[in-house]
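Spelled out from the first residue to the last, the chains are:
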Amino acid sequence: MKGRGIALVLALAIGVLALGTGARGAGAPVKNPDTFVTLRAGDPESLDPAYQYDTTSYEIVYPNVYETLIEYDGSVLSRYQPILATTVPSLANGLISKDGLTYTFPIRKGVKFHDGSTMTPDDVRYSMLRFMLQDRDGGPSWLLLTPLTGRDSTRDKDKIAVNFSDVAKTVTVQGDNVVFHLAHPYGAFLSIVAAWSFVMPKAWAAAHGDWDGQGGTWQKFNNPKLQDRYEFDHMNGTGPFKLQQWDRQAKQVILARNDQYWRKPARLARVILKTVTEFTTRRLQLQQGDADMVDVLRPDQSKVEGMAGVAIRDGFPQLIIQVLHFNFKIDATGNPDVGSGKLDGNGIPPDFFSDVHVRRGFAYAFDYAAFIRDGYKGKAEQPNGPIISGLLGYDPTAPKYTHDPAKAAAEFKEAWGGKLWDTGFKFTATYNTGNVVRQVGAQILKDSIEGLNPKFKIDVRNLQWSSFLQNTNAHKGTLYALGWAVDYPDPDDFAQPFLGSNGDYPKRNSYSNPQADALLRQAAETTDPAKRAALYHQLTKIAYNDVPGLYVAQPVGFFVMRSWVHGWYYNAVLGGADYYPISKE
């Protein structure tokens, strides 16, 4: 068990890079010193902590509104500090059992939710069970289900496959403590708790139509639709900020300071997170001081360099991967992206990408070097699979696809029984609005493919972030660009979402490989680091042979903000900002 906790290599050395700005105009008068404005390119999908599973939603949920039992110590991912628990469990303090199967968290007393009610150990247990049992397709529930129950979903082939009692016994209340009972030793468990053990009040949830915590009712709340829950657009956490408004027309979320916070209240009175898809608008508001932090992608970096009063903080190693995904079973109903829906030169059939020769044709056709050069200005590397550099099990010697038009043509000539090359195809690839890096990648893909054969046609379109997520979740995506940001620093967090049958992308794309599922289970239950690494090497080979997606870049991170921003720090898991320590000075 001990070895699994050191899976992270890369992200431990980060953090000090956040200090200092050196920006011109750093002494400019601060605008609206108690209000922080962040402009994002994407919009949140849901505010329900058990449903949300995208970076834009996550920034609102955690750590700003909902809190966890423990948290990472600033930028350091190998060290924790207590939050809603009073002590971080360890073998030394006896709160982790010697066999590694039991973790005990003493729960902090006197903590108030935003509605004024007092947090109890029963609220903690309820929140953990709710997180697991809600289990929407492609959601985050597997993060707790896997170590606690030994399975990554509550369903098999869309049918309920667990008993309430089996899940309920994994989290128990013993006096003032909440105890987690693991199915097998899992060294990365504390890192999951640090980022995914959100707590909400049971009574508040039940009063608004959510699960009441009883064993006879939970199935009604399993695998909900997006807006089925009151918590979709209402929040009630214990964190330093509380939800004031989510105005979907104005595309902004306003968080107000929680003046009854159990720690010292935040210095900022208000945080506004606004969706602005156009970079020129984000840039202008940053320049005028009306925005404090904005999304900027690499192709636009030069447009903010040298801007008075603006700091660029660069060089952050990221546990993020950009991928072009193939949907093996497209829902063609009312779907304009498949064209005619047939293999007739004017469209593609729903199972177009189920042919491995098609996928390999795309893998050899894509110009990875051009993408890293034009999309990231050279500040990225090409991965060789979902287990990326910095993680246990990364294999730098594993093969990876390279741009080779001759091999691409050979693969396409074998596809669909040898018919595809003569018939041709046409479909629309998608990416999210405002993401110029993915736009660059989509254009490179289009140019590479259409340059092979005049009968090959790809159109490209963009969708607003939340609509884009819903489209791919509904199996409407054909070939689409979407990435993965670390949930917790362990190879499980990259192998399962890309290769497990119940993983986020395999569920969206109908990909399944029983051998990969078996290796994932074995890797999750193995405590020896060397043996685990060998298992992930095998999974990397499966990813290479099956080609469920194209692993196109692991980028270096950079952030753009006004130089009057103080207290900001980088954490590879958070992705967004922790606004609690931030001030404007």
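Preceding this section is the structure that the text describes.
All residue numbers refer to positions counted from 1 along the written sequence of the respective chain. The model is predicted, so local features are restricted to residues of pLDDT at least 70 and side-chain atom pairs to those at 80 or more, both for listing and for counting; the totals for chains, interfaces and linings are taken over all residues. Note that water and hydrogens are dropped before the side-chain values are worked out from all heavy atoms of the structure.

Draft legend 1. Local environment of the overall build of the protein. Scanning the protein from N- to C-terminus turns up 17 helices and 21 strands. Computed over C-alpha atoms, the radius of gyration of the protein comes to 24 Å, within 12% of the 25 Å expected from 2.2 N^0.38 for 585 residues, which places it in the range of a compact globule. Along the first, second and third principal axes, the C-alpha set of the protein runs to 70 × 60 × 45 Å. Per-residue accessibility, obtained with a 1.4 Å probe over protein chains only, is compared with the maximum for each type, and a residue is labelled buried under 20%, exposed over 50%, and partly exposed between these values. Burial status across the protein gives 60% buried among its 585 residues. Only heavy atoms matter for contacts: two residues are in contact if any of them lie within 4.5 Å across the pair. A fraction of 73% describes how many contacts in the protein between residues 6 or more apart in sequence connect residues 24 or more apart. Surface accessibility in these figures is a Shrake-Rupley result with a 1.4 Å probe; residues are shielded only by whichever protein chains are displayed. Taken as a whole, the protein presents about 21400 Å² of accessible surface, with 49% of it coming from carbon and sulfur. Side-chain charges in the protein split into 62 positive and 61 negative, and the spacing between the mean points of these groups amounts to 2 Å. Elements are defined by DSSP. Helices are runs of H or I of four residues or more, strands are runs of E of two residues or more, and each kind is numbered from the N terminus. Only C-alpha atoms enter the radius of gyration, while the globule expectation follows 2.2 Å times N to the 0.38, with N the number of residues. The charged-residue count follows a simple rule in which Lys and Arg add positive charge and Asp and Glu add negative charge, with His and chain termini not counted at all. Here the site of a charge means atom NZ of a Lys, CZ of an Arg, CG of an Asp or CD of a Glu.

Draft legend 2. Main features of the packing of aromatic side chains. Stacked, edge-to-face and tilted labels apply to pairs of Phe, Tyr and Trp rings (six-membered ring for Trp) whose centres lie within 6.5 Å, assigned for plane angles under 30 degrees, over 60, and everything in between, in that order. Counted according to the given criterion, the structure contains 53 aromatic pairs. Among the aromatic residues, ring-to-ring pairing joins Tyr53, Tyr58, Tyr62, Phe131, Trp196, Phe198, Trp484, Phe498, Tyr505 and Tyr551 into one connected group. A positively charged side chain is recorded as over a ring if its NZ (Lys) or CZ (Arg) lies within 6 Å of the ring centre. The angle to the ring normal must also be within 35 degrees. Above the plane of the ring of tyrosine 51 lies arginine 136, whose end atom (NZ or CZ) is 4.1 Å from the centre. When the ring centre of tryptophan 421 is taken as origin, the NZ or CZ atom of lysine 413, which lies over that ring, is 5.0 Å away.

Draft legend 3. The pattern of salt bridges, seen in detail. Salt bridge, as used here: a side-chain nitrogen of Lys or Arg that lies within 4 Å of a carboxyl oxygen of Asp or Glu. One pass over the structure, following the stated rule, counts 31 salt bridges. Taking the shortest distance from any N to any O, the salt bridge between aspartate 73 and arginine 79 comes out at 2.8 Å. Note that glutamate 450 is salt-bridged to lysine 446, the shortest N-O span being 2.9 Å. Separated by four residues within a single helix, glutamate 450 and lysine 446 lie in helix α12 (residues 436–450), roughly one turn from each other. Here lysine 446 falls in the buried class, since its relative accessible area comes to 19%. One salt-bridge network, held together by shared partners, links Asp48, Arg130, Asp210, Arg229 and Glu231.

Draft legend 4. Highlighting the packing of helix α8 (residues 356–365) against helix α17 (residues 529–546). Axis angles are defined between N-to-C directions and span 0 to 180 degrees, where every axis is a line fitted to C-alpha atoms and, for a helix, only to the segment in contact. Running from N to C, α8 and α17 point in directions that differ by 100°, and their axes come no closer than 9 Å. As summarised for this structure, α8 and α17 are arranged roughly perpendicular, according to the angle between their axes. Where α8 abuts α17, its residues Val356, Arg359, Arg360 and Tyr364 lie against Tyr544, Asn545 and Asp546. Considering only residue class, the contact of α8 with α17 consists of three nonpolar, one polar and three charged. Oblique is the label for any angle not covered by the other classes, which are roughly parallel (under 35 degrees), roughly antiparallel (over 145) and roughly perpendicular (65 to 115). In this classification, Asp, Glu, Lys and Arg are treated as charged, Ala, Val, Leu, Ile, Met, Phe, Trp, Tyr, Cys and Pro as nonpolar, and every other residue, Gly included, as polar.

Draft legend 5. Representation of the nonpolar core. Here, nonpolar core refers to any group of buried Ala, Val, Leu, Ile, Met, Phe, Trp, Tyr and Cys residues whose side-chain atoms link them within 4.5 Å. Judged by nonpolar contacts, the single largest core of 168 residues is most densely connected at Phe180, Phe362 and Phe425. Not counting residues up to four positions away in its chain, the partners in contact with phenylalanine 180 are Leu69, Leu101, Thr102, Tyr103, Phe105, Met128, Leu148, Thr170, Val171 and Phe189. Among the nonpolar cores identified, the runner-up in size contains 15 residues, and Leu39, Ile272, Val304 and Met307 belong to it.

Draft legend 6. Structural context of the side chain of asparagine 222. As for its placement among the helices and strands, asparagine 222 is situated in the loop between α6 (202–207) and β9 (241–247). We call two N or O atoms a polar contact when they sit within 3.5 Å, provided that within protein one can donate a hydrogen and the other can accept it, with sequence-adjacent residues counted only if both atoms are side-chain atoms. A distance of 2.8 Å separates a polar atom in the side chain of asparagine 222 from a polar atom in the side chain of arginine 155. Excluding residues that lie within four positions of it along the chain, asparagine 222 makes contacts with Leu133, Gln134, Asp135, Thr154, Arg155, Ile160 and Arg229.

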